[in-house]
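# A closer look at the structure
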Amino acid sequence: MTSQQRLARVPGIGVASQYRRLTRRHAIAVGALATAAGPVLAACDAPAAGRPAEAPAKGRVEVGLIAARWVIDEWGLPQWVEQYNKESPSAMIKLEQVPDGWQAKVLSMIREGSLVWDGVGIMTPFIDKVQWVESGMIQPIDQYVQVSTVDGAKTILGDLVPTVKQDVTYKGQIYGIPYSVEAIGLMWYTEYLGGIGLREPPGTWDALLDAAKKIQIQFRSQEVVPFAWVPAIHTSLQALIHAATDKPYTSEGLLDITGPASMRALRFMRSLVEEGLTPPHGSDGYLDLWQRSKLALLLAQNSRGVWAQRIFGPDKADTGPVPVAMRGGPQSGTPFWSNTFVVFNGAKHPQQLVDFYIWLLGPKNDKVQQAIIESGKAPVLDSIYKSKIENNQRFRWMARFRDLIAASVPYPENTFWSIQNSKIMPWINRLMEKGSTLSLEEAMNNALQEIREEVAKQKVR
Amino acid sequence: MEGTTVLTEQREPIVRAFLRHARAIRRERWGNLWGYVFIAPALLLYLTFNAWPVVRGLCMAFTDYRFLIRGSEWSFNGLQNYHEMFFRDRVFWHAFAVSLKYTMMTFPVQLVLSLLVALMISSITRQGVAAFYRIIVYLPVVLPISVAMLLWQQLYHYQFGYINYLLKAVFHVSQPPNWLGDVRWALPAIATAGVWKSFGGDTLLFLIGLYGINRELYEAAAIDGANAWQRFWNITLPLLRPILVLIIALNAGIASATQEMLILTNGGPQNATLTLGLYGYQLAFQQGDLRLGYAASIYLLLGVIHMVLAGLVFKFFRTERY
């Protein structure tokens, strides 16, 4: 070993000599390599979803559409965009995934007059509609539909399930084209209902309670939880209120949580919890239970049933309406909402985008409608129910939902749902503590007071 | 004309001298102007993406800016936000208390744990083994918070979670806690996940301090008969003081914790994990008019609290430079 090598092994000195070996030339070489690698990597980047490789042909305009990842993936949106781009003589759709914080970006672009996109999917009307309209983010589409020459343009709005049409309407104008509708329903694993001798799901609260008790006894050794709800108001109390009264909302535009239907629903929920027929609080850890098929019945939005079918097979799970408080009693359907494509205010090519929406989601595009149904989402057009659902054994539950949705009272047109959800859920949670002595009336009166306090601070009503 | 030329000739050296002097002063005070040209792009980026948002946020905290109300961006309302916050908003005080509790739960534990682990790692003499432990300890820090929290959500599941499985199978606990669903356990459970996620960063900082302490001090103390505790108390801790101050100041931000709660419980059960950070997020991005102005005032208050805490730490734990 040379003296230099020995020196290099001495702690500190060895390290220093290593640093010395890194010269400026090395740094420049690394920098040059990185600079060269940048464009190469960028060139290797896969094109964004549905993004056409070529520029629009002469006379065609480029229309920017942004969509949530799940919308892009769920029913193959990029392939439909690609097909449209081949067929359309006037427009080329450029599809991109929504960027982070897109709402603030879009709004500031609109206010500066420099909007680069024309529309977005998806609007969830009961949460977004009033916010997006009032903030000036989206514009009505009635006028564009009226003058559109795309096949189906004359019939599409009239073909919408009436309450779905109402769901996308605000102050008398239509704010988007929905592609599917989701509603709160009861989902179940057929094995457990079959295990207690039931072929049909329970239709009333009493029948549900009875079935849950039987499941608990029958499947105790498998640690199966009989029933749960998703912890949000529309998937629990709101759905049950709809199932017990024809007037679920007050004149203030709030869910009637202090009325008799609410008290009855809460008593029912509490009895389930007290009898040990649910996970803690009626909903803790419900998703894991459901996805492992350790939960027999679930009150949730209807796509959760299709999730279970995808995991365990189409015959293993099914979906049906929320059981009613009393057969033949008053009811108001179920909470529902449409998944809607909208057009931005200040869009450069609103007509072309609406034309695309009509081509994509109109009654004439059979293949897209089939893809939507296969993805587990219920369609929004009456004609599709007649042609594709009524004779389809696997998706016949959708037909039941169509009728239920058509008879449902839509959400009030305001921005109060999130406020109500954040104020009511903590009180429901307290009520659903096992052995809780809190009275239903006290809990809901407190919640209502908190809601009113917060609503009083809002300017958009 | 001749007279003028003479005057100019006489003035020239004076002007030149003045200019030379001015140039010297400028160079002395401002340095080379090219330096400013070179840093200008970086400065511009900093002003655009760092300084402006801070100024904008500061202004926003004194407005009634509501995302849904057009033209409300600059509607200044003086101290109304703060009046509402302190005197009319019960949820604010609840969230404040939760934030305080969360800080009390995480901060001391994180500090002691990271110091303990750093001491253990620093005592490892084999470099490879020490490096292995440093990596292990630091891994949770680089893990995206969403992944880390979803992992803990699985661990905490009341029926399928590994923690309750262990409690039931090994310790025969018949009714293990409902970690995220029980008001009593939810905040400590999140605090545990939070400490796990971030104590690696503090450990690394402590290690930097520990590796910088001269070993001869310990040898001398050992010769003088100091035991391990005395060596830690009289040598390690005083010499770690600058690092300790830095860690305490950096951890002042725990009070505004948001993401952990957002992912694990969304403020529940019964608002038991609703921190100020999460409350501000709900007001700004989820509820009603989307009251960005009011939310900004909450965040400004958090910022002021952090600044005061950091200032106090620097004031009372000030150390000499070594």
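Treat the numbers as computed from the prediction; the structure is a model and nothing was measured.

## Some thoughts on the overall build of chain A
When you go through chain A residue by residue, the secondary structure sums to 22 helices and 11 strands. Expressed as a percentage of its 461 residues, the buried residues of chain A come to 57%. Contacts spanning at least 24 positions in sequence make up 77% of the contacts within chain A whose residues lie at least 6 apart. Of the roughly 20,100 Å² that chain A leaves accessible, carbon and sulfur atoms contribute 52%.

## What to know about the overall build of chain B
The helix and strand tally for chain B stands at 14 helices and zero strands. In sequence order, chain B lays out its α and β elements as α-α-α-α-α-α-α-α-α-α-α-α-α-α. Relative to the compact-globule value of 20 Å for 322 residues, chain B shows a C-alpha radius of gyration of 28 Å, a clear excess of over 25%. Dimensions of chain B, computed from the C-alpha atoms along their principal axes, are close to 115 × 70 × 35 Å. Per-residue burial over chain B gives 40% buried out of 322 residues. Relative to all contacts within chain B whose residues are 6 or more apart in sequence, the contacts with residues 24 or more apart total 65%. Accessible area of chain B: about 19,100 Å², with a carbon and sulfur share of 68%. A gap of 3 Å separates the mean positions of the 25 positive and 16 negative side-chain charges of chain B.

## Topic: the domain arrangement of chain B
Accessible area lost upon the coming together of the parts is a frequently used measure of interface size. The domain boundaries assigned to chain B delineate domain 1 (2–53) and domain 2 (89–317). Each of domain 1 of chain B and domain 2 of chain B has a C-alpha centre, and the two are 51 Å apart.

## Some thoughts on the interface of chain B and chain A
Listed as interface residues are 30 residues of chain B and, on the opposing side, 37 residues of chain A. Between chain B and chain A the total buried area reaches about 2,800 Å² when both faces are included, carbon and sulfur atoms providing 47% of it. Where chain B meets chain A, there are four salt bridges. The partner of Glu453(A) in a salt bridge is Arg90(B), with the nearest N and O atoms 2.8 Å apart. Taken together, the residues of the side of chain B that touches chain A break down into 11 nonpolar, 10 polar and nine charged.

## Examining the layout of surface pockets
In this structure, the second largest pocket encloses a volume near 920 Å³. The residue inventory of the lining of the second largest pocket, partitioned by class, reads nine nonpolar, nine polar and seven charged.

## Let's talk about a nonpolar patch on the surface
Residues Val129(B), Phe132(B), Tyr133(B), Ile135(B), Ile136(B), Tyr138(B), Leu139(B) and Val142(B) make up a contiguous nonpolar surface patch of about 720 Å² in total accessible area. For Tyr138(B), a relative accessible area of 31% puts it in the partly exposed group.

## Side note on the packing of aromatic side chains
Residues and elements named next belong to chain B. Tallied over the entire structure, the rule returns 38 aromatic pairs over all chains. Look at Trp152 and Tyr156: their rings are 5.4 Å apart centre to centre, the planes differ by 40 degrees, and that puts the pair in the tilted class. Residue Trp152 and its partner Tyr156 are located together in helix α6 (residues 145–156), separated by four residues, close to a single helical turn. We classify Trp152 as buried; its relative accessible area is 10%. Geometrically, the ring pair formed by Trp229 and Phe232 is tilted, given 5.7 Å between the ring centres and 40 degrees between the ring planes. Of this pair, Trp229 and Phe232 both sit in helix α10 (residues 228–239), three residues apart, roughly one helical turn.

## Observations regarding helix α5 (residues 77–87) of chain A
Residue and element names in this part refer to chain A. Along α5, the positions that sit buried rather than exposed are Leu77, Trp80, Val81, Tyr84 and Asn85. For α5, the buried positions fall inside an angular range of 140 degrees around the axis, keeping them on one side. On its buried face, α5 is in contact with β1 (61–67), α4 (69–74), β2 (91–97), β11 (336–344), α17 (350–361) and α18 (366–374).

## Overview of the nonpolar core
Buried together is how nonpolar side chains tend to be arranged in soluble globular proteins. Ranked by size, the top nonpolar core spans 75 residues in total, and within it Leu237(A), Leu266(A) and Met444(A) carry the most contacts. Top element by residues in this core is helix α14 (residues 260–274) of chain A. It accounts for eight residues. Sequence-distant contacts of Met444(A), that is, excluding residues within four places in its chain, are made with Leu237(A), Ile257(A), Thr258(A), Ser262(A), Met263(A), Leu266(A), Ile424(A), Trp427(A), Ile428(A) and Leu431(A). Counting residues in each nonpolar core, the second largest holds 63 residues, with Trp132(A), Tyr65(B), Ala95(B) and Leu274(B) among its members.

## Some points on α6(B)
Residue and element names in this part refer to chain B. Its 12 residues give α6 an end-to-end C-alpha distance of 16 Å, which sits within 8% of 16 Å, the value for a rise of 1.5 Å per residue. Burial in α6 covers these residues: Ile145, Ala148, Met149, Trp152 and Tyr156. Angularly, the buried residues of α6 cover 90 degrees about the axis, an arc narrow enough to put them on a single face. On its buried face, α6 sits against α7 (162–169), α8 (183–211) and α12 (259–264).

## Looking at the packing of helix α13 (residues 276–285) of chain B against helix α14 (residues 292–316) of chain B
Residue and element names in this part refer to chain B. Direction vectors running N to C along α13 and α14 enclose 160 degrees, while the axes themselves pass 8 Å from each other. In this view, α13 runs roughly antiparallel relative to α14, as classed from their interaxial angle. Judged by the sense of rotation from one axis to the other, the crossing of α13 with α14 is left-handed. Across the interface between the two elements, Leu276, Gly277, Tyr279, Gly280, Tyr281, Leu283, Ala284 and Phe285 of α13 pack against Leu292, Tyr294, Ala295, Ile298, Tyr299 and Leu302 of α14. Looking at the contact of α13 with α14 residue by residue, the class counts come to 12 nonpolar, two polar and no charged.

## Notes on the pairing of strand β8 (residues 225–229) of chain A
Residues and elements named next belong to chain A. Taken across its five residues, β8 has five buried, putting it largely inside the fold. Strand direction decides the pairing type here: β8 and strand β9 (residues 295–301), joined by four bridges, are parallel. Residue pairing across strands places Phe227 opposite Leu297, the latter belonging to β9.

## Notes on the environment of Trp229(B)
Assessed through its relative accessible area of 55%, Trp229(B) is described here as exposed. For the pair Trp229(B) and Phe92(B), spaced 137 residues apart in the sequence, the C-alpha separation amounts to 44 Å.

## Comments concerning the environment of Met263(A)
Residues and elements named next belong to chain A. Within the secondary structure, Met263 sits in helix α14. Residues Met263 and Leu440, spaced 177 residues apart in sequence, show a C-alpha to C-alpha distance of 6.6 Å. The contact partners of Met263, leaving out residues within four places of it in the chain, are Ile257, Thr258, Leu440, Glu441 and Met444.

So, how was this worked out
Residues numbered from 1 in each chain as written. Chains lettered and ligands numbered in written order. Predicted model: local features only at pLDDT ≥ 70, side-chain atom pairs only at ≥ 80, totals over all residues. Heavy atoms only, no water. Helix = DSSP H or I, 4+ residues; strand = E, 2+ residues; numbered from the N terminus. Buried < 20%, exposed > 50% of the residue type's maximum accessible area, 1.4 Å probe, protein only. Contact = heavy atoms within 4.5 Å. Areas by Shrake-Rupley, 256 points an atom, 1.4 Å probe, with all protein chains shown as cover. Rg over C-alpha atoms; globule rule 2.2 N^0.38 Å. Lys, Arg positive; Asp, Glu negative; His and termini not counted. Charge placed at Lys NZ, Arg CZ, Asp CG, Glu CD. Domains from an automatic or database assignment. Buried area = accessible area lost by both parts, 1.4 Å probe. Salt bridge = Lys/Arg side-chain N within 4 Å of Asp/Glu carboxyl O. Nonpolar A, V, L, I, M, F, W, Y, C, P; charged D, E, K, R; others polar. 1 Å grid on protein atoms, 1.4 Å probe; cavity = no way out; pocket = protein on both sides within 12 Å on 5 of 7 lines; lining within 4 Å. Points joined across faces, edges and corners; volume = space filled by probe spheres on them. Patch = residues over 30% accessible without salt bridge, like charges linked within 9 Å, V, L, I, M, F, W, Y side chains within 5 Å. Phe/Tyr/Trp six-rings, centres within 6.5 Å; stacked < 30°, edge-to-face > 60°. Arc of directions from axis to C-beta. Core = buried A, V, L, I, M, F, W, Y, C linked by side-chain atoms within 4.5 Å. Expected span 1.5 Å × (residues − 1). Axes fitted to C-alpha atoms, helices over the stretch in contact; angles between N-to-C directions. Parallel < 35°, antiparallel > 145°, perpendicular 65-115°, else oblique. Left-handed = near helix turned anticlockwise from the far one by under 90°. Pairing = 2+ DSSP bridges.

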